[in-house]
Structure formats: C-alpha cells, structure tokens
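Listed below are the residues making up each chain.
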Amino acid sequence: MAPIVLLNPAAATTVTAITGEVKKHVMREKYCVGKYRVGLPLPPLLRVQRVKCFGKWSTNIDSKIVSGGNRNSVVVKAASEGGAISLPRHWSLPKDPEEKLQDPVPRMKGSSRFFTVGLVASWYSSNIGVLLLNKYLLSNYGFKYPIFLTMCHMTACSLFSYVAIAWMKVVPLQTIRSRVQFFKISALSLIFCVSVVFGNVSLRYLPVSFNQAIGATTPFFTAVFAYLMTFKREAWLTYLTLVPVVTGVIIASGGEPSFHLFGFIICIAATAARALKSVLQGILLSSEGEKLNSMNLLLYMAPMAVVFLLPATLIMEENVVGITLALARDDSKIIWYLLFNSALAYFVNLTNFLVTKHTSALTLQVLGNAKGAVAVVVSILIFRNPVSVTGMMGYTLTVFGVILYSEAKKRTK
C-alpha cells in the first residue's frame, strides 16, 4: 500500500501541518508536479494552514483542491479529521514526524522520457488529426454542416469528460459554487461555441495552411482585448513583436491562391473569439474560489455548448439529422467519421491538459507554434492545395512574430 501522510487537525476548522516533509524528485531539472492522489471527504471543510513541500514551509494557503503543488506548497481542500494524502509507492514515510522523508528512489529516466514523448506525439496527432478531418468532412467529403459537427464534438466532450472525472478520477471534481459562477461559465461556453463553429465554417472556404496562418494571430487579438477590457498594458517590446504577426498575415493573404473573402472574415472572427474567451476567462474566473482547471471547465462548458448549438443547428441547418441519416444509408463511413472525429476532439483537450501537467505551459506554447507549421506541411501533402512563395513567406513571418511575442512575454514576467 502506498505511504500515507496524515492530516492532524489542531482545531475545529484548521489543519496545522502535514506530518513529515513532502518531497518530490527532480526530473530534467524540473519538479514533477501533479502526482498526488488527493481523496478527502468533502464535509466538513477544513483548511490546511501550512504544508512543507520541496524543503520550504508555506503558510496562509488558500483552501482549494489540486492534483499537485508548486515548488513551495501543496494545497488541499476538505481535509477532515482522519483524512490523508496517498503518496506514490516509491516514497518512504518516517516513523518520527520530525524526521525527514528519504529522497524517493529515482525512476528510470528512459521510461519517463518515453512517456513524455508519447504524450507530445498524441497531442500533435490529435490536434492535427481533428483539423484535417474537419477539413475533409466540410470541404472534400461535402458534409456542409459545421454547426452540427461542432455539436457532435461538444456532445463527445460532455460524455468523455464525465467518464474521465467522475469515474476514472483523472482530476478531482470541482463543483460550481454559485449561480454567478454558473452564468460566467455559460458566457465563456457561448464564446467558445462561436470560435469553434466559425473556425469550422472557415475550413469550408480556406485551405488549412491559410487557416493556420490566420489562427497564429491570436496573440494580437489577446493583447487588444486585454488592453480594452482590463487596461492592461504590455511592455513596448511585446507590442513591437506583434507587428510581424499581423504583417505576415497581410502578406500571406495577398499571396494566397485560394483566398476567399467570406472564409477570411469568418476565420478572423473565430481567432478573435478564441482570444476573447481567453481574456474573459482570466477576468471572470479570477478568484481562488472560482478557478477551474481546464478539464473541469470543459466538463461544464461542453454540455452548455450542446444546449446553445442544438437549436442553432436545427434552425440554421434545416433537416441536418435526416440528411446525415440519408448519407449514412448511402455511405456508412460518414457515421464512423463523425464518431472518430468527435472522440478526437475530446482527445485534443485531454492531451492538452496532460502535456501541460507533465511539462509546462511554456512548453505547450512552443509546441503550439511548431504544430501550426507541421499542420500546414501535412495538409499541403494530403490535400494538394496550391501554395505560393509569397504566402509561405507571410506565414513564416507570422510564426516568427509569435515566437518573438512568446519570448517577450516571458522576459517581462
């Protein structure tokens, strides 16, 4: 059985400390976080007052539930008397509470490296796969119902999120605590729907390569919305890096052989909506009591999205269910395409969360910049869409600007 660190309540409402010292091993010069299995009863709610983790004491910890900690603290919610944190098997627990834990036995670096590489490969495959399959269905196959397709994605995300969190315990369940928080998440879900639907609509008219070039301008819209809504100003160098981002898209637009004005406008709107959701999420769910990790946020947003999309697809895509069933009678592969595509849409969110958890948000950002370039190359090889030297130069300039933007943001933190 895995060692247990007991939580000893010192008063009716607080827990003063975790017995012993909690340590985690260092892998590739980074602390591996998110390895704890926290399973504590909800009532009564008690707060961990201080926790020793990574050799440092941390005090005045907010009461919230997490699957790991940062370099200085581990935060636990609902630590009732007799509650405990279950540690991995290879950690040893001292008999004397004042005695330090032994350093854990290092795991094989090779297996950890293969696991991380596998996660990254899965993330790349799912992201690029769902993008290319969306393009194939909406453009090449002739399934011209992007709202219905998005609803299928959100339905799959709702079901798989519930299974992953409620049954498989991939992450601890975080509950919606108030009606205000519910309406905030609903607003985010609506904007999320707009961004995904518009992105899928644009794929009907634009090649994946140009779609990705426009999507790379997300940092520009994020900076604009952050300034307009929070009056947050970035360093002048950060704003300067956005010049090649926008300039690259302008150049790519002029040199795009398959340019379509309506598709271009819709893709710009999708990119802006994606940036708006990111900024609003930081504003609306900023308090400690309302913050949700990405998996729990998807658990609540996906069903709300289905509620928004169902009337939209029935009104705007007339008889879409009947047409889909008729297509299935002629070609049963359409059902398998939709099922696989919808499952892949959830897998994108799952691998996104896992890559961030086992690496870092910065690593994910770097991988995202490279993913766009990989998607462009793969789509050109598969769909054989014409490209121009000017268009590729514009896209390269945009990606270069995004990399500079990421570096500038990192330096100003």
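As shown above, the structure is provided for reference.
Residues numbered from 1 in each chain as written. Predicted model: local features only at pLDDT ≥ 70, side-chain atom pairs only at ≥ 80, totals over all residues. Heavy atoms only, no water.

**Observations concerning the overall build of the chain**
Next up, step 1: Tallying secondary structure elements over the chain gives 12 helices and 9 strands in all.
Next up, step 2: Going through the 413 residues of the chain one by one, you find that 47% of them count as buried.
Next up, step 3: Partitioning the contacts of the chain with sequence separation of at least 6, the portion at a separation of at least 24 is 78%.
Next up, step 4: Looking at the chain as shown, the accessible area adds up to about 21300 Å², and 65% of this sits on carbon and sulfur atoms. (Helix = DSSP H or I, 4+ residues; strand = E, 2+ residues; numbered from the N terminus. Buried < 20%, exposed > 50% of the residue type's maximum accessible area, 1.4 Å probe, protein only. Contact = heavy atoms within 4.5 Å. Areas by Shrake-Rupley, 256 points an atom, 1.4 Å probe, with all protein chains shown as cover.)

**Side note on helix H4 (residues 208–215)**
Next up, step 1: Within H4, 8 of the 8 residues are buried, leaving the element largely enclosed by the surrounding structure.
Next up, step 2: Every buried residue of H4 is accounted for by Val208, Ser209, Phe210, Asn211, Gln212, Ala213, Ile214 and Gly215.

**A word on the packing of aromatic side chains**
Each aromatic ring pair is described using two quantities: the centre-to-centre distance and the angle formed by the ring planes.
Next up, step 1: Across all of its chains, the model carries 14 aromatic pairs by this definition.
Next up, step 2: For the ring pair Tyr162 and Trp167, a centre distance of 6.2 Å and an interplane angle of 65° mean the geometry is edge-to-face.
Next up, step 3: Of the residues examined, Tyr162 reaches a relative accessible area of 46% and is grouped as partly exposed.
Next up, step 4: With centroids separated by 5.4 Å and ring planes inclined at 85°, the aromatic side chains of Tyr205 and Phe262 adopt a geometry described as edge-to-face. Placement of Tyr205 in helix H3 (residues 179–205) and of Phe262 in helix H7 (residues 261–284) is noted, with a sequence separation of 57 residues between them.
Next up, step 5: Here Tyr205 falls in the partly exposed class, since its relative accessible area comes to 27%.
Next up, step 6: Under the relative-accessibility criterion, Phe262 is labelled partly exposed at 41%.
Next up, step 7: By way of ring pairs, the aromatic residues Tyr136, Tyr141 and Tyr337 are connected into one cluster. (Phe/Tyr/Trp six-rings, centres within 6.5 Å; stacked < 30°, edge-to-face > 60°.)

**Overview of the environment of Leu131**
Next up, step 1: Relative to the helices and strands, Leu131 resides in helix H1 (residues 109–140).
Next up, step 2: Residue class for Leu131 comes out buried when judged on its relative accessible area of 15%.
Next up, step 3: Residues Leu131 and Asn341, 210 residues apart in the sequence, show an inter-C-alpha distance of 9.3 Å.
Next up, step 4: Beyond its immediate sequence surroundings of up to four residues, Leu131 is in contact with Leu203, Val208, Asn211, Gln212 and Ala375.

**Looking at unusual backbone geometry**
Next up, step 1: The phi angle at Phe231 is positive, at roughly 55°, despite the residue not being glycine.
Next up, step 2: You can see Phe231 is positioned in the loop between helix H5 (218–230) and helix H6 (236–254).

**A few points about the pattern of salt bridges**
Next up, step 1: The final tally for this structure, using the stated rule, is 3 salt bridges.
Next up, step 2: Between Lys232 and Glu234 there is a salt bridge, with its nearest N and O atoms 4.0 Å apart.
Next up, step 3: For Glu234, a relative accessible area of 16% corresponds to the buried category.
Next up, step 4: Glu234 is the salt-bridge partner of Lys409, the closest N and O atoms lying 2.9 Å from each other. Note that Lys409 is positioned in helix H12 (residues 389–412) and Glu234 in the loop between H5 and H6, a separation of 175 residues in sequence.
Next up, step 5: One continuous salt-bridge network, built from bridges that share partners, spans Lys232, Glu234 and Lys409. (Salt bridge = Lys/Arg side-chain N within 4 Å of Asp/Glu carboxyl O.)

**Looking at the environment of Phe143**
Next up, step 1: Its place among the elements puts Phe143 in the loop between H1 and helix H2 (146–167).
Next up, step 2: Taking the C-alpha atoms as reference points, Phe143 and Arg204, separated by 61 residues in sequence, lie 9.5 Å from one another.
Next up, step 3: Those residues in contact with Phe143 that sit more than four places away from it in its chain are Leu137, Leu138, Phe148, Thr324, Leu327, Ile334 and Leu338.

**Focus on the packing of H6 against H12**
Next up, step 1: Here H6 crosses H12 at 165°, and the two axes come no closer than 7 Å. On the basis of their axis angle, the class for H6 and H12 is roughly antiparallel. Relative to H12, the crossing made by H6 is left-handed.
Next up, step 2: Looking at side-chain class alone, the contact of H6 with H12 contains 13 nonpolar, 10 polar and 1 charged residues. (Axes fitted to C-alpha atoms, helices over the stretch in contact; angles between N-to-C directions. Parallel < 35°, antiparallel > 145°, perpendicular 65-115°, else oblique. Left-handed = near helix turned anticlockwise from the far one by under 90°. Nonpolar A, V, L, I, M, F, W, Y, C, P; charged D, E, K, R; others polar.)

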